[in-house]
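Descriptive structure summary
Here are the chains, one letter per residue:
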Amino acid sequence: MATSPTPTPTVGVSVPRTDGAAKVTGAARYVDDLPPMPGEIFGRTIRSTLPHGILRGIRLDPDFDWSDVTVVTAADVPVNVVYVIAEDQPVLAADKILHAYEPVALIACPDRLKLDRAARAITLDVEPLPPVLEIADALAAKQVIWGEDNVFKRYLITKGCAELPERDASEAAIDAVIEACDVVVSGHYDTHHQEQLYIEPQGFVTWWDDDGVHVTGSLQCPYYIHKVLKRALDLASERVHVTQAVTGGGFGGKEEYPSIIALHAALLAKKSGRPVRMIYDRTEDIEATTKRHPATIEITSGCDRDGTLRALKARIRMDGGAYMTLTPVVLSRGTLHAAGAYRWRDVWIDSVAVATNTPPNGAFRGFGAPQTIWAIERHMDRIARALGVDPVALRAQNLLHSGDTTATGQTLGLSVGGAACLEAALAESGYKEKRAAGPVRQGRTARGIGAAVFMHGAGFTGSGERMLKGKVAIDLLPGGKLQIRTGSTDIGQGTETVFRQIAADAAGIALDHVDFAVPSTTVVPDSGPTVASRTVMVVGSIVESASREVAARVTAEQAAAGGTFAEAGDRLLARGEAVGCLKQYEPPAFVQWDDTTYKGDAYPCFAWACDIAEVEVDLDTFEVSVTNFWSATDVGKAIHPVMCKGQIEGGTLQAIGWALCEEVVWKDGLIKNPRMTNYIIPTSLDAPPFHTLLVEEPWPYGPGGGAKGIGELPMDGGAPALAAAIEHAVGLIADSLPMTPERLHRIAALQGTP
């Protein structure tokens, strides 16, 4: 009797990427590679050039030939809201302008050159108003541009002495405890905007037919767009069809923003009766889309003379831009990570996000945590300076371990890898010996080394996964193959490959017997968004469980009637049985969270890392070269070690850019450097030698033997590690980003550093 050979396990093996050949040969079709549809026309957005004002009118030049140009304004939008968290953002401005580059009108034309001329033939009549451009001005609320006080969201986290019902009493209690400590340290820390600068700009192809509206584009979260289109176009669910094209990167920038361009293209297609292709150029993409939230963080802490941390007080202020978008959840994650990877007996963390007349900020890799981790890590260096101890020794003394509690009162239990990461990074880098030897000076350069230790919550915050109810479908196909249907997308990070590995091993079949359906809301269930370091850990665990269930049906048939796995599966299908499994994620029962008090298990588990940077600083120009970078990262279980390291190294290079060279230059609410020639990011030529160590402290509820989410974690530690290395090399104390040569020169002048 024929039996199925046992396939070689693939989890833990760096198999060839299943999408690799198509991408390197150019066969993969990104949205602008899709062939033109019959009658297709090109779309464009008309935007405000002022950051704040009253829209008095839209004037079309009467001498221009508008006969083949479709024009859409707010009056053409069935429900003029972009539904994310709040319904505060219009699809098209109707009466007021709240930021530069705000969309006011849409045009489409078969001729791209004429489309350009048509754009110049439209004049927006806007009465200027004074803009609110800074966090401090928004908080002062002398001019209110959102709600009653310009405040999008507030949070307060308390622990220990600060757990009092009255806010004032809570703050007074933390102040008293800090004042009584042996050593009190205060610091102010700033972070700035960052542009995602994915390799492929935003774009969609859109059309209507008897089934409704169809949008195909570059995106992360198809069901986000589905929800937004339903609301704004006033359509039933079954009449909205969202499909992902091959997507060239996202980093959060293609989480919520693609809903806007999809809506714009859909409106043009509806009014014109023709398919519309709408692709941003790089300048428009940089100017109009969301970015990382700037933040200011003030921290005061108290500790014993021996370095034992006691009490933490922090104030976080974030700039959300003109509309709410995802700001409340970005602020939430930032707040939850503000205490760092350390034990604090008493905690008081106050956070607020405000509106300004700048383009809305939104999702970006790290989602608020890089800002607050920058602050707490720089503050740890400040405490070490005050105590006269090595910064890493201070971290090791106070690092969270299993059994310790976080700022929200969460007791850490399983998969707590901070200490293992620190130990591995120190050993590999020779940190202790290099710090003990002091900075190395050769001619007019100085070399130093610095470290950061950090953790990042994997999955949605608190009860988010329970509310989300993410689902995955696994189908049995002829020939004993399985098909994965999921709303989780591959945006370059390797989801298609890793999900196939998980499914193949769970079902006991070969990797090439697993297919991955194109994410389209018409055929795939809502697995939740491709965000929050949840794709492998959360959705991957559903893939694993559902694959096992389908395989169990086939193997039961195999046991009853013999044959190979494929033969048994084909018999089931021949009997007309639909063999598949639609499964919903169930978080571990012990994960409990109170959204009202913001206490409990903020995340099911955390990924951990220690970054160590070695830099060389030019003493004349203050240019910083990263000569080596070590990262020891607790990933739980590496499903695909090469891609796992790729995520860590790619995220670290993005963090290096945020730290050293990337800067959005603003003037009067406008971006002055919206090009790749003057918005500078590090390239592969700028990448230092990476020494990436995978630490595996398995999370028992993760797929493949314990995988955790690590997509965002690498963004968190690079900047503070570099700042510590610069401080070690030349004594410059940088508490604000970016650390460009010009800024370091100003710090040197203020500090009197030679």
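As the structure is a computational prediction, the values presented were derived from the model and not from experiment. (Residues numbered from 1 in each chain as written. Predicted model: local features only at pLDDT ≥ 70, side-chain atom pairs only at ≥ 80, totals over all residues. Heavy atoms only, no water.)

Moving on, we get to the overall build of the protein. Check the secondary structure of the protein and you find 20 helices and 28 strands. In summary, the protein has a C-alpha radius of gyration of 27 Å against a globular reference of 27 Å for 754 residues, a match within 12%. When its C-alpha atoms are laid out on the principal axes, the protein stretches across 80 × 75 × 60 Å. When the accessible surface of the protein is split by element, carbon and sulfur atoms take 53% of a total near 27400 Å². Between the centroid of the 69 positive side chains of the protein and the centroid of its 92 negative side chains there is a distance of 0 Å. (Helix = DSSP H or I, 4+ residues; strand = E, 2+ residues; numbered from the N terminus. Rg over C-alpha atoms; globule rule 2.2 N^0.38 Å. Areas by Shrake-Rupley, 256 points an atom, 1.4 Å probe, with all protein chains shown as cover. Lys, Arg positive; Asp, Glu negative; His and termini not counted. Charge placed at Lys NZ, Arg CZ, Asp CG, Glu CD.)

This part covers the environment of His513. Mapping His513 onto the fold places it in the loop between helix H14 (495–507) and strand S20 (514–516). Measuring from C-alpha to C-alpha, the distance between His513 and Gly459 comes to 29 Å, with 54 residues separating the pair along the chain. With residues up to four places along the chain from it excluded, the contact list for His513 reads Gly479, Gly480, Lys481 and Leu482. (Contact = heavy atoms within 4.5 Å.)

The residue Thr45 is located in strand S1 (residues 41–47) in this model. Apart from residues lying up to four places away in sequence, Thr45 is in contact with Pro103, Ala105, Leu106, His264, Met278, Tyr280 and Glu284.

A complete count under the given rule lists twelve aromatic pairs for this structure. Measuring from ring centre to ring centre gives 4.8 Å for Tyr155 and Tyr598, while their planes differ by 35°; the resulting arrangement is tilted. Of the two residues, Tyr155 is situated in strand S7 (residues 151–159) and Tyr598 in the loop between strand S22 (593–594) and strand S23 (599–600); the sequence distance between them amounts to 443 residues. A relative accessible area of 10% places Tyr155 in the buried class. For Tyr598, a relative accessible area of 10% translates into the label buried. Here a set of aromatic residues connected by ring pairs shows up, and it is made of Tyr155, Trp593 and Tyr598. Here Arg292 stacks its cationic end above the ring of Trp658, 5.2 Å away from the centre of that ring. The ring of Trp348 is capped by Lys313, whose NZ or CZ atom sits 5.3 Å from the centre of that ring. (Phe/Tyr/Trp six-rings, centres within 6.5 Å; stacked < 30°, edge-to-face > 60°. Buried < 20%, exposed > 50% of the residue type's maximum accessible area, 1.4 Å probe, protein only. Lys NZ or Arg CZ within 6 Å of the ring centre and 35° of its normal.)

Next up on the list: the UniProt feature "domain: Aldehyde oxidase/xanthine dehydrogenase a/b hammerhead" (unreviewed entry) in the protein. UniProt tags residues 25–130 as "domain: Aldehyde oxidase/xanthine dehydrogenase a/b hammerhead" (unreviewed entry). Between the C-alpha atoms that bound residues 25–130 there is a distance of 52 Å. The span itself is 9% helix and 32% strand. (UniProt positions renumbered as here; feature names shortened; annotations may be inferred.)

Moving on to helix H20 (residues 741–751). Residues spaced three or four apart along an α-helix point in a common direction, a consequence of the helix completing one turn every 3.6 residues. Inspection of H20 places Leu744, Ile747 and Ala748 among the buried residues, and these make up the whole buried set. Down the axis, H20 shows its buried residues gathered within 100° of arc, on one side only. Exposed residues on H20 whose side chains face more than 90 degrees from its buried face are Glu742, Ala749 and Leu750. Where H20 is buried, its residues contact strand S25 (624–634) and helix H19 (714–730). Gly752 lies just past H20 and shows a positive phi near 70°. (Arc of directions from axis to C-beta.)

Looking now at the domain arrangement of the protein. One can read the domain layout of the protein as domain 1 (31–129 + 202–279), domain 2 (132–190 + 293–396), domain 3 (399–467 + 593–753) and domain 4 (470–584). The C-alpha centroid of domain 3 is placed 37 Å from the C-alpha centroid of domain 1. It is Pro51, Tyr101 and Phe251 in domain 1 that bury the most area against domain 3; as a group they hold 72% of the surface buried on that side. Linking domain 1 with domain 3 are zero salt bridges. If you look at where domain 1 meets domain 3, you find one residue pair in polar contact (both at pLDDT 80 or more). (Domains from an automatic or database assignment. Buried area = accessible area lost by both parts, 1.4 Å probe. Salt bridge = Lys/Arg side-chain N within 4 Å of Asp/Glu carboxyl O. Polar contact = N/O pair within 3.5 Å; in protein donor to acceptor, adjacent residues only side chain to side chain.)

The next thing to look at is the nonpolar core. With 163 residues, the main nonpolar core has Ile349, Ile726 and Met739 as its most contacted residues. Look past the residues within four positions of Met739 in its chain and what remains in contact with it is Trp374, Ala659, Leu660, Ala719, Leu722, Ala723, Ile726, Ala734 and Leu744. Counting residues in hydrophobic clusters, the runner-up holds 38 residues, among them Phe499, Leu511, Cys605 and Ala707. (Core = buried A, V, L, I, M, F, W, Y, C linked by side-chain atoms within 4.5 Å.)

With that settled, the discussion passes to the sheet that holds strand S17 (residues 445–458). The sheet built from five strands is open, its strands ordered S16-S17-S24-S25-S28 with mixed pairing. If you trace the sheet from one side to the other, it starts and ends with strand S16 (440–442) and strand S28 (690–695), each paired once. On average, each strand axis in the sheet is inclined to that of its neighbour by 20°, with strand direction left out of account. Bridge count between S17 and strand S24 (residues 605–618): 14 bridges; the pairing is antiparallel. Considered in S24, the bridge of Gly450 is made with Ala613. (Pairing = 2+ DSSP bridges. Axes fitted to C-alpha atoms, helices over the stretch in contact; angles between N-to-C directions.)

Let us look at the sheet that holds S20. Read from one edge to the other, the open sheet built from four strands follows the order S20-S19-S18-S21, with strand pairing classed as mixed. Strand pairing shows two members of the sheet lacking a second neighbour, S20 and strand S21 (580–584), which therefore form its edges. Across the sheet, the mean angle separating the axes of adjacent strands is 20° when strand polarity is ignored. Strand direction decides the pairing type here: strand S19 (residues 481–485) and S20, joined by three bridges, are parallel. Residue Gln483 lies in a different strand from S20, and its bridge partner there is Asp515.

Further remarks concern the layout of surface pockets. Empty space within the second largest pocket amounts to approximately 830 Å³. For the second largest pocket, the lining is made up of 29 residues, of which Arg44, Thr45, Arg47, Ala119 and Glu284 are closest to its centre. Where the lining of the second largest pocket is concerned, the elements lending two or more residues are S1, helix H2 (112–120), strand S6 (122–128), strand S12 (276–279) and helix H7 (282–288). Top element by residues in the lining of the second largest pocket is S1. It accounts for six residues. Classifying every residue of the lining of the second largest pocket gives 13 nonpolar, six polar and ten charged. (1 Å grid on protein atoms, 1.4 Å probe; cavity = no way out; pocket = protein on both sides within 12 Å on 5 of 7 lines; lining within 4 Å. Points joined across faces, edges and corners; volume = space filled by probe spheres on them. Nonpolar A, V, L, I, M, F, W, Y, C, P; charged D, E, K, R; others polar.)

Our next topic: the pairing of S12. Two faces belong to every sheet, and in a regular strand the side chains alternate between them. Looking at chain direction, S1 and S12 are connected through two bridges and run parallel. Looking at the pairing, Ile41 lines up with Val276 of S12. Here strand S9 (residues 203–209) pairs with S12 via four bridges, running antiparallel. Bridge pairing in S12 places Thr206 opposite Val276.

This part is about the pairing of strand S14 (residues 309–319). Most of S14 is tucked away, with nine of its eleven residues classed as buried. Here strand S13 (residues 295–303) runs beside S14; their pairing, made up of nine bridges, is antiparallel. Following the sheet pairing, Ile297 is matched in S14 by Ile316. Counting the residues between successive antiparallel strands, the hairpin from S13 to S14 contains five residues, one of them, Gly307, with a positive phi of roughly 95°. With nine bridges joining them, S14 and strand S15 (residues 346–354) adopt parallel strand pairing.

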